[in-house]
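# Understanding the architecture of this molecule
Chain residues, written in single-letter form:
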Amino acid sequence: MERKDMSAFALYQTLLQDQPPPAKKSLVQMEVKKNSAPAASKLKSKKKAEKKKVKKKLKRAQKEAIRQAAAHLEPVEVPECEAAGEQGRVVGDSLDTVLADLNKVNNSRERASKLFQWLISPVPVKTFFKKRWEKKPVFVQRENQDYYKGLFSTEEFDRILREEDVQYGVNLDVTSYFHDQRETHNPTGRALPFTVWDLYKSGCSLRMLNPQAFSSTVWNVLSILQEQFGSMVGANIYLTPPDTQGFAPHYDDIEAFVVQLEGKKHWRVYSPRSEDEVLPVFSSPNFSQADIGEPILDVVVEAGDLLYFPRGFIHQGNCLPDAHSLHITISSYQKNSWGDLLQLVIPAALDIAMEEDVKFRQGLPLDYLTYMGVQNSEKDDPRRLAFFSQIETLMKRLPKYAPVDAAVDQKAKEFIHDCLPPVLTPDELLSSVLGAPARWEDGQVKDVSVHIAVQTKVRILRAGCARLCSDGDAVRLCYTTGNSRVYHKEELKSFEVNHEHTDAIEFLIHSYPEFVTVGSLPCDSAQDKIALAEQLFEMGIIHMEEPL
């Protein structure tokens, strides 16, 4: 087979054959390791036996499984992708530089757009959303292994295991996949380095479920990107040993951005198998290799590369023999479709229609049970046509009762609750409640009060950090600044807004990113204006133009 006709993985295997085989361990090295192992106590013997059982099972099967999977690969036509091979090496600013530059951007939505552009560069954002978003995979090949350096690393993974309370099943999963079988090997309790790294060395993959709770950089990146999507942005970290696979083929219910941080991984992506699996509502079960057909994308993703695939696209990734793989999957748009919105709109619309429109309250025909229903569905009865006609008439009347804005407010409240709290820039910190100089010094409390006057200039902390939402007859202000880095650890943060303050809060939200004077707030009196500003400042929702 000529190289031009090979898939990326097949070509990689050909090149690998030219490399010298890895050096074998000397007998001296093996003997030293054997003699240095401490004798196991009776208390630990059971756990040790279980570990050996897992090791033996994985080691026996993992190489054979990868060999069989590779043997079934056929040459595929790789769809259009953004490949550095056609454009040369993609050189971009480091993440530290990007984040530092973003701190100088005055508008959080512009900040989010710039960060997303860096994430998918050189693909233009407009092109991505017009041609690829929810439609086709994208493979960005950069030939720059340091492009995402600083986002996360195996060293940070190790630090988190040592310093943080990482719990199996909550923060960390230990997995394997061989012979079409996906297994989870989670012990119970805290994930300690000794056990975790032993399982990894045995061939298990490690998945950290909420790295934003432990990594400030991941938290910062996700908190910025959530304003790009207007939907929760989450992440998982995947660390896979060489020559193994941790997960079965499957599709997800999220838009996935696979950001390769270290090493490399062989990925295969498959089109949805039917129209029913395009943009699915739920993730799939695990598939066998026989279930999924041939891949439309077959590539080796190396450090610095990006792979995007929409929800519904089946995917699987396995590590190659010569390198481990560390990647972070950044995800968004779970349950954020028109259908999800209509699930809120239609029941509410029907309730209102029943209350306001007599047509919806009129009784059903006396004899409708004799010609409607499954047992009568094959009948050629004109009364059935009239029945369906009446249903259609009522459905056409329903939209005018649809409380669309109220339903959008419900979606907005869900989003606000899902959001990560914002990571403040240095300037925001110095001008917000978190940077207030209140402290204990020389045996007493100092600088508790912050002076807010009508001439003080303030603004909302972020474009998306607060939102007015209807709640029956009341209006509530929902906000993200009190959220936890742990998903839904806290209840939705909100408070009922006095009727005379709704215009002022709306004015603040719509004025962003401009600072406005407290005196310009449309309240009845200067005292009301200052009181509202003080309340919002204490909750971290607004900050001042000048440092405190």
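Structure's up top.
This section reports on the structure supplied with the text. Since this is a predicted model, take the numbers as computed values, not measurements.

Attention now moves to the side chain of His-501. Tracing the backbone through its elements, the reader meets His-501 in the loop between strand 17 (494-496) and helix 15 (502-511). The residues touching His-501, leaving out its near neighbours within four places in the chain, are Cys-523, Asp-528 and Leu-532.

So, on to the packing of aromatic side chains. Considering all chains together, one arrives at 28 aromatic pairs under this definition. Ring centres 5.7 Å apart and planes at 65° place the aromatic pair Phe-116 and Phe-128 in the edge-to-face group. With a gap of twelve residues between them, Phe-116 in helix 6 (residues 108-120) and Phe-128 in helix 7 (residues 125-132) connect regions that are remote in the sequence. The buried category is assigned to Phe-116, whose relative accessible area is 0%.

Two numbers describe how helix 6 lies on helix 7: the axes approach to 9 Å, and their chain directions differ by 75°. Taken together, the axes of helix 6 and helix 7 lie roughly perpendicular to each other. Side by side, helix 6 and helix 7 meet where Ser-113, Phe-116, Gln-117 and Ile-120 of the first sit next to Val-125, Phe-128 and Phe-129 of the second. Grouping the constituent residues of the contact of helix 6 with helix 7 by class yields five nonpolar, two polar and no charged.

Another aspect to go through is the side chain of His-315. Along the chain, the position of His-315 falls in strand 10 (residues 314-318). For His-315, the side chain forms a polar contact with the main-chain oxygen of Phe-313, separated by 3.0 Å.

A few words on the sheet that holds strand 15 (residues 466-471). Sheet architecture is open: three strands sit in the order 15-16-17, paired in antiparallel fashion. One side of each edge strand has no neighbouring strand; the edge strands of this open sheet are strand 15 and strand 17. Taking the axes of each pair of neighbouring strands and ignoring which way they run, one obtains an average angle of 30° across the sheet. Looking at chain direction, strand 15 and strand 16 (residues 474-479) are connected through six bridges and run antiparallel. Residue Leu-468 lies in a different strand from strand 16, and its bridge partner there is Leu-477. Running over the sheet, helix 13 (residues 404-418) touches strand 15 and strand 16 and is turned about 135° from strand 15. Packing against the sheet, helix 15 makes contact with strand 15 and strand 16, and its axis sits at approximately 140° to strand 15.

Within helix 5 (residues 95-102) the residues assigned to the buried category are Leu-95, Val-98, Leu-99 and Leu-102. Down the axis of helix 5, the smallest arc covering the buried residues is 95°, so these residues share one side. Next to the buried residues of helix 5 lie helix 6 and helix 10 (216-229).

What follows concerns the environment of Asn-498. With respect to the secondary-structure elements, Asn-498 resides in the loop between strand 17 and helix 15. Overall, Asn-498 belongs to the partly exposed group, its relative accessible area being 42%. Sequence spacing of Asn-498 and Arg-476 is 22 residues, and the spatial spacing of their C-alpha atoms is 8.8 Å.

Okay, the pattern of salt bridges next. The final tally for this structure, using the stated rule, is 21 salt bridges. In this structure, Arg-397 engages Asp-357 in a salt bridge whose closest nitrogen and oxygen atoms are separated by 2.7 Å. Taken together, the residues span a long stretch of sequence, with Arg-397 in helix 12 (residues 382-397) and Asp-357 in the loop between helix 11 (338-356) and helix 12 at a distance of 40 residues. Of the residues examined, Arg-397 reaches a relative accessible area of 27% and is grouped as partly exposed. On the accessibility criterion, Asp-357 (4% relative accessible area) is buried. Salt bridges sharing partners connect three or more residues here, namely Arg-439, Glu-441, Asp-442, Lys-446 and Asp-447.

Thresholds applied
- Residues numbered from 1 in each chain as written.
- Predicted model: local features only at pLDDT ≥ 70, side-chain atom pairs only at ≥ 80, totals over all residues.
- Heavy atoms only, no water.
- Helix = DSSP H or I, 4+ residues; strand = E, 2+ residues; numbered from the N terminus.
- Contact = heavy atoms within 4.5 Å.
- Phe/Tyr/Trp six-rings, centres within 6.5 Å; stacked < 30°, edge-to-face > 60°.
- Buried < 20%, exposed > 50% of the residue type's maximum accessible area, 1.4 Å probe, protein only.
- Axes fitted to C-alpha atoms, helices over the stretch in contact; angles between N-to-C directions.
- Parallel < 35°, antiparallel > 145°, perpendicular 65-115°, else oblique.
- Nonpolar A, V, L, I, M, F, W, Y, C, P; charged D, E, K, R; others polar.
- Polar contact = N/O pair within 3.5 Å; in protein donor to acceptor, adjacent residues only side chain to side chain.
- Pairing = 2+ DSSP bridges.
- Arc of directions from axis to C-beta.
- Salt bridge = Lys/Arg side-chain N within 4 Å of Asp/Glu carboxyl O.

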